[in-house]
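Overview (structure and organization)
Below are the chains, spelled out letter by letter.
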Amino acid sequence: MTHKVDLWMGSVFILGVGYICAVQAYDPKVCVRVESVPYTRSEYRMRQEPYQKHSFWRGWETKYRPVYGWQDVVDYRSETKQYCCDGYEGSISNCKPVCVGGCSGNSYCTAPNICSCKDGYGGADCHPICSSCGRNEFCLNPNRCACNEGYQKIHDEGDCLPVCPEPCGNSSFCAAPGTCECIVGYAKSAINASCQPVCSPECGSNSFCHQPNVCACENGYQAEGEGSCDPICDAGCGDHSQCVRPGVCECEAGYAEGEVGSCLPICPQGCPEHSSCLTPSVCICDPGYTMKADRCEPHCPQQCSDYAQCTAPNVCECYPGYVATGEDGKCEPKCSQGCANGFCFSPEVCVCSIGYLMGPNQTCEPQCSLNCVHGECTQPETCSCMPGYRFQGSSQHICEAVCEKGCEHGDCVAPEICLCHVGYQPMENVCQPVCETSCVNSTCTGPDHCSCLEGYEHSSNSTCIPHCSKGCEHGDCLEPEVCTCRPGYEQTAEGCTLRITSTTASISTPFDDSTPFDDSTNPAVVPFAGLLQLPVANCSEDCPCWNEFDELGPLTNAKCVKVCRDSHDKPCLDLSECSCELSTGQLVCEGSGDYSSEQARYTCKTPKQGKIEAAKDSSKSWGWLRVVGWCIAVVSLVAIVVAIAVKLYPKYASKRAYQVDEAIYEDTL
C-alpha cells in the first residue's frame, strides 16, 4: 500500500509541475508556487497492549502483547497556487503592473516601475506634441496650440499679440503683456511713468525738454546765452545778496537774512558761549573771556588748583565728582558707594587691590587663576563649592555634583540628579535597562537583553518558553518541568506513551480514587482529572471546556466555565470581553462583574479519549440497569395489588350475600 501512495504522490507532483509550466507559458504575469498541505489518512499499524499475568514467584505483573489496527496518520500532499508575480497586483485573472512612484497624468504604467506616454505625448515628462506653433504660442494638447499667458489673437486669427489691461498713454504702445513702451524720441518719466520727450544733450537748469532735442526756459526765467536760463527779480537785490528765483533774493554764502532785509554774517559751526559772530565763520569773545581751542573761557589771573577750573572771571570750582578738602581747598575724587577691597581713583571709579578685579556690579571681586567649576571664588586664589557639590579628588578648583544614593548605570550631572546611560531610563530614581521588545516570561536585565525566569529558556531574544529538563517527547512543555501529553498519549513514569484504549466500560478504571466524580446526577460527565490540557493557538470558540488557570496551573477539580450563548445564560463567561494570548495559548478575560470581577485566565481542555469512551459505556450500562429496575418495581407493585385484591374479594362477596339474605328475610316479615 505504501508503494501505491508513493506512486500517487509522484503523479500528483508531475501533474503540478506541468500545470505550473502551462500557466507560466500562458500568462507571464501570473506565477505559481507549490505548497505542501497536511492531510490525514488511515494506516494499519501495530501497538502494544498491556495485560496482567500471575507468577508464583513474582505475583501479578503487567505484560504487553501486540495488537493490530487502523490508526490515523498525518501525511502531506503538494498543491499549486496561483498569484500575481512580483511587480503586479490584483486578481490572477487581471494582474496589473505596479509603478511605485506613480505615473504622471499623461502617462500610464505598462510594466513594473515603467511608465509610458499616452498617444500624442512624448519626452521625459510626457508633454503634448504639436507639429508647429507660432510666436508667443505653446502646445496645449496634441496638435493644438494656444497663446501664452498675456497674449491673444485678434478675431482668433493671425499672431498672438500682447494684451495691456490698461490703455497705453500718448506717445506709447503695448510691447508686452501688461507693459507699455514709449515710441522713438520719448522715454518714461520717473514721476508718473508717462512718456516725455528726450533731449540730447540734456537741458540746463531752469529749462525743460519741450520736444525731442528742443529745450525751453521755465516761466520767470530768461535765456542768457549758451542755453542757460537766469531768474528775473524786477525790484533788484541788496548788498551781500543775489536773485536766485523769479522775484526772490537770497543772501550770499556766509550771510543770512536779518532785520529789514539786510544780510548778516554767518558762523556755520556757531560761536561758543560768551562770544559773537564778527564776519562769516569768525567769532570774537566777550570781555573777561579768552579764546582757547575754539571756545571762550573765563580768565582767572591766579592759577586754579588741580581738578579745578575757572568757571567765571576770577572764580575757581572743583570738577564734577571732586570735592574740596583740607584748608588749602585741594580737590579730591569722590566715590559715593565707597571702594571695598580697593581705593577711589577718580569720581565714582574704584581701583581694586592686588588679587581683586572689578566685577559687573562695580565691586572688587576676588580672582582665581584657575576657573572655579561649579563653585565661586570667595578669596584670591581660593574656590568654594556650590551647595550640593564637593571638590573632585585632590582638586581645589573643580567641584563635582553629589548624589547621595549613587548613580548606577548613569552619571551624576547635578545634585541628586542622575543622567542615565544609553539603553537605560529613570524609574523611581533608579536607572533601569530598556528593552524595546517586551520580555515574555523573562525580565529586562540590560539594554535590549531579556533574562529568562527560573525554569524557562530562550526561544528568541525577548521570549522565553518553559523548559523540561527530561524532554517532552509526544507532549508540550507548558510549564517548567511540567510536560502535558498530546492527544493519544498518556503520562507514565517513562514520559508520554501511546494510550491503550478498550471497547468495554471497564476502561474507566484509570480514574484516580481521589478524582471527584458524581454519577448520581449525570453518569456521562467526565471528571476534570481525566482532561488533557491543550493550548489553543487561536482561542477558538469551539473549545469543549474552558478551565480557569492561576499561577499554580490549571484547576483540575473545577467545573467547565459556562460560556454565554444568549442573554438567558447569565451568569456566564462573555468571550467578547476576552482576548487570546498567542505566546501561551491562554484566554485572558477582563473582570466584567458578571462571571468574575477580576482578570482571569482560562485554558482549553479536551477529555482523554479512553476515559470518555469508558464514561459513555458506563453511562449506557447504568441507563439500562435503571430502566430494568423501574420495570421490575412496577411489575412487583402490580403483582402485590392483585394478590391483595384476590385475598380480600371472597370475604367481601360472602358478607354481601349475607346482607342480601337478611334483607329478604326482613321483607317477608
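By convention here, each chain's residues receive numbers from 1 onward along its written sequence. Given that the model is predicted, a residue must reach a pLDDT of at least 70 before its local features are reported, and side-chain atom pairs must reach 80 or more before they are shown or counted; all residues, however, enter totals for whole chains, interfaces and linings. Calculation of side-chain values draws on the structure's entire complement of heavy atoms; hydrogens and water are dropped beforehand.

Another point: the overall build of the protein. When helices and strands are tallied, the protein shows 2 helices and 58 strands. Each of the 669 residues in the protein was classed as buried or not, and the buried ones make up 22%. When checking whether two residues touch, look at their non-hydrogen atoms; a contact exists if any pair is within 4.5 Å. Restricting the contact set of the protein to residue pairs at least 6 apart, pairs at least 24 apart contribute 26%. By element, 53% of the accessible surface of the protein is carried by carbon and sulfur atoms, the whole surface being about 46900 Å². Secondary structure elements follow DSSP: runs of H or I no shorter than four residues count as helices, runs of E no shorter than two count as strands, and numbering proceeds from the N terminus. Partly exposed residues are those whose accessible area sits between 20% and 50% of the maximum for their type, while under 20% is buried and over 50% is exposed, using a 1.4 Å probe and protein chains only. Values of accessible area rely on a 1.4 Å probe in the Shrake-Rupley scheme; residue burial ignores everything except the protein chains shown.

So, about unusual backbone geometry. Cis geometry is found at the peptide bond from serine 200 to proline 201, where omega equals 0°. Within the fold, proline 201 resides in the loop between strand S16 (195–197) and strand S17 (207–211). Phi is positive for glutamate 381, close to 60°, though the residue is something other than glycine. Here glutamate 381 shows up in the loop between strand S37 (375–379) and strand S38 (382–385). Looking at glutamate 381, the relative accessible area reads 52%, which means it is exposed.

The subject of this paragraph is the pairing of strand S33 (residues 342–346). Any two strands with at least two DSSP-identified bridges between them are counted as paired. One ladder, built from 4 bridges, connects S33 with strand S34 (residues 349–352); its direction is antiparallel. By the bridge assignment for S34, glycine 342 is matched with cysteine 352. Between S33 and S34, which pair antiparallel in sequence order, lie 2 residues; one of them, glutamate 348, sits at a positive phi of approximately 60°.

Quick look at the state of the cysteines now. The criterion for a disulfide is a pair of cysteine sulfur atoms lying within 2.5 Å. Taken as a whole and judged by the stated rule, the model has 37 disulfides. Between the sulfur atoms of cysteine 168 and its disulfide mate cysteine 180 the distance is 1.9 Å. A torsion of -80° about the S-S bond marks the disulfide between cysteine 168 and cysteine 180 as left-handed. Taken together, the positions of cysteine 168 in the loop between strand S12 (157–162) and strand S13 (172–176) and cysteine 180 in strand S14 (residues 179–182) put the pair 12 residues apart, joining distant regions of the chain. By relative accessible area, which is 24% here, cysteine 168 ends up partly exposed. Residue cysteine 180 is classed as buried on the basis of its relative accessible area of 19%. Shown here is the disulfide that connects cysteine 372 with cysteine 383, its sulfur atoms set 1.9 Å apart. Taking the sign of the torsion about the S-S bond as the criterion, the disulfide between cysteine 372 and cysteine 383, at about -75°, is left-handed.

This next bit is on the pairing of strand S29 (residues 308–312). Of the pairings in the sheet, the one linking S29 to strand S30 (residues 315–318) comprises 4 bridges and is antiparallel in character. Residue pairing for S30: alanine 308 is matched across the bridge by cysteine 318.

Here we take up the nonpolar core. Counting 12 residues, the largest nonpolar core consists of Cys543, Trp546, Val561, Val563, Leu573, Leu575, Cys578, Leu587, Cys589, Ala600, Tyr602 and Cys604. Secondary-structure elements contributing two or more residues to this core are strand S57 (586–589) and strand S58 (600–607). No other element matches S58, which puts 3 residues into this core. Among all residues touching alanine 600, those that are not within four sequence positions of it are Glu548, Leu587, Val588 and Cys589. Ranked by size, the runner-up nonpolar core spans 6 residues in total, among them Cys304, Cys310, Tyr322 and Cys331. Buried residues of nine kinds, namely Ala, Val, Leu, Ile, Met, Phe, Trp, Tyr and Cys, make up a nonpolar core once their side-chain atoms join them within 4.5 Å.

Here the focus is the pattern of salt bridges. By salt bridge we mean one thing: a side-chain nitrogen of Lys or Arg within 4 Å of a carboxyl oxygen of Asp or Glu. Counting across every chain of the model gives 14 salt bridges. In this structure, glutamate 35 and lysine 81 form a salt bridge, with 3.4 Å as the shortest nitrogen-oxygen distance. With glutamate 35 in strand S1 (residues 30–55) and lysine 81 in strand S2 (residues 59–84), this residue pair connects regions lying 46 residues apart in the sequence. Residue lysine 81 is classed as partly exposed on the basis of its relative accessible area of 41%. Its salt-bridge partner being glutamate 250, residue arginine 245 comes within 3.1 Å of it at the nearest N-O pair. On the accessibility criterion, glutamate 250 (33% relative accessible area) is partly exposed.

Now for a nonpolar patch on the surface. Patch definition: residues above 30% relative accessible area lacking any salt bridge, with like charges linked at up to 9 Å and the nonpolar side chains Val, Leu, Ile, Met, Phe, Trp and Tyr linked at up to 5 Å. A surface patch of nonpolar side chains, amounting to about 510 Å² of accessible area, comprises Tyr44, Met46, Tyr68 and Trp70. For the nonpolar patch, the secondary structure elements donating two or more residues are S1 and S2.

Relative to the assigned elements, serine 395 resides in the loop between strand S39 (389–391) and strand S40 (399–401). For the purposes of these results, a polar contact is taken to be a pair of N or O atoms within 3.5 Å, where, inside protein, one atom must be able to donate a hydrogen and its partner to accept one; residues adjacent in sequence count only when each atom of the pair is a side-chain atom. Within the structure, the side chain of serine 395 is placed 3.1 Å from the backbone nitrogen of isoleucine 398, a separation counted as a polar contact.

Before going further, it helps to spend a moment on the packing of aromatic side chains. In this scheme Phe, Tyr and Trp rings, the latter by its six-membered ring, pair at centre separations within 6.5 Å, and the angle between planes marks the pair as stacked below 30 degrees, edge-to-face above 60, and tilted otherwise. Following the criterion strictly, the structure yields 4 aromatic pairs and no others. Geometrically, the ring pair formed by tyrosine 44 and tryptophan 70 is edge-to-face, given 5.4 Å between the ring centres and 70° between the ring planes. Of this pair, tyrosine 44 sits in strand S1 while tryptophan 70 sits in strand S2, placing them 26 residues apart in sequence. Taking 4.6 Å as the distance between ring centres and 10° as the angle between the ring planes, the aromatic pair formed by tyrosine 307 and tyrosine 322 counts as stacked. Pair noted here: tyrosine 307 is in the loop between strand S28 (295–298) and S29 and tyrosine 322 is in strand S31 (residues 322–325), with a separation of 15 residues, a long-range link. On the accessibility criterion, tyrosine 322 (15% relative accessible area) is buried. Following the ring pairs from residue to residue traces out a cluster consisting of Tyr44, Tyr68 and Trp70. Two conditions define a charge located above a ring, namely a distance within 6 Å from the ring centre to NZ of Lys or CZ of Arg, and an angle within 35 degrees of the ring normal. Against the face of tyrosine 83 rests arginine 33, its NZ or CZ located 4.4 Å from the ring centre.

Quick look at the environment of threonine 179 now. Tracing the backbone through its elements, the reader meets threonine 179 in strand S14. For threonine 179, a relative accessible area of 32% gives the class partly exposed. In sequence terms threonine 179 and valine 163 are 16 residues apart; their C-alpha atoms lie 8.4 Å from each other. Threonine 179 has contacts with Cys164, Phe173 and Cys174, leaving out every residue within four places of it along the chain.

Attention now goes to the confidence of the model for the protein. Values of pLDDT, ranging from 0 to 100, describe the predictor's confidence in every residue of the model. Across the protein, pLDDT averages 77, with 80% of residues at or above 70. Low confidence marks residues 1–5, where pLDDT is under 50. Its contacts with residues over four positions away, or in another chain, come to 2 contacts. Segment residues 608–616: pLDDT under 50, and 20 contacts once partners within four positions in sequence are set aside and those in other chains are kept.

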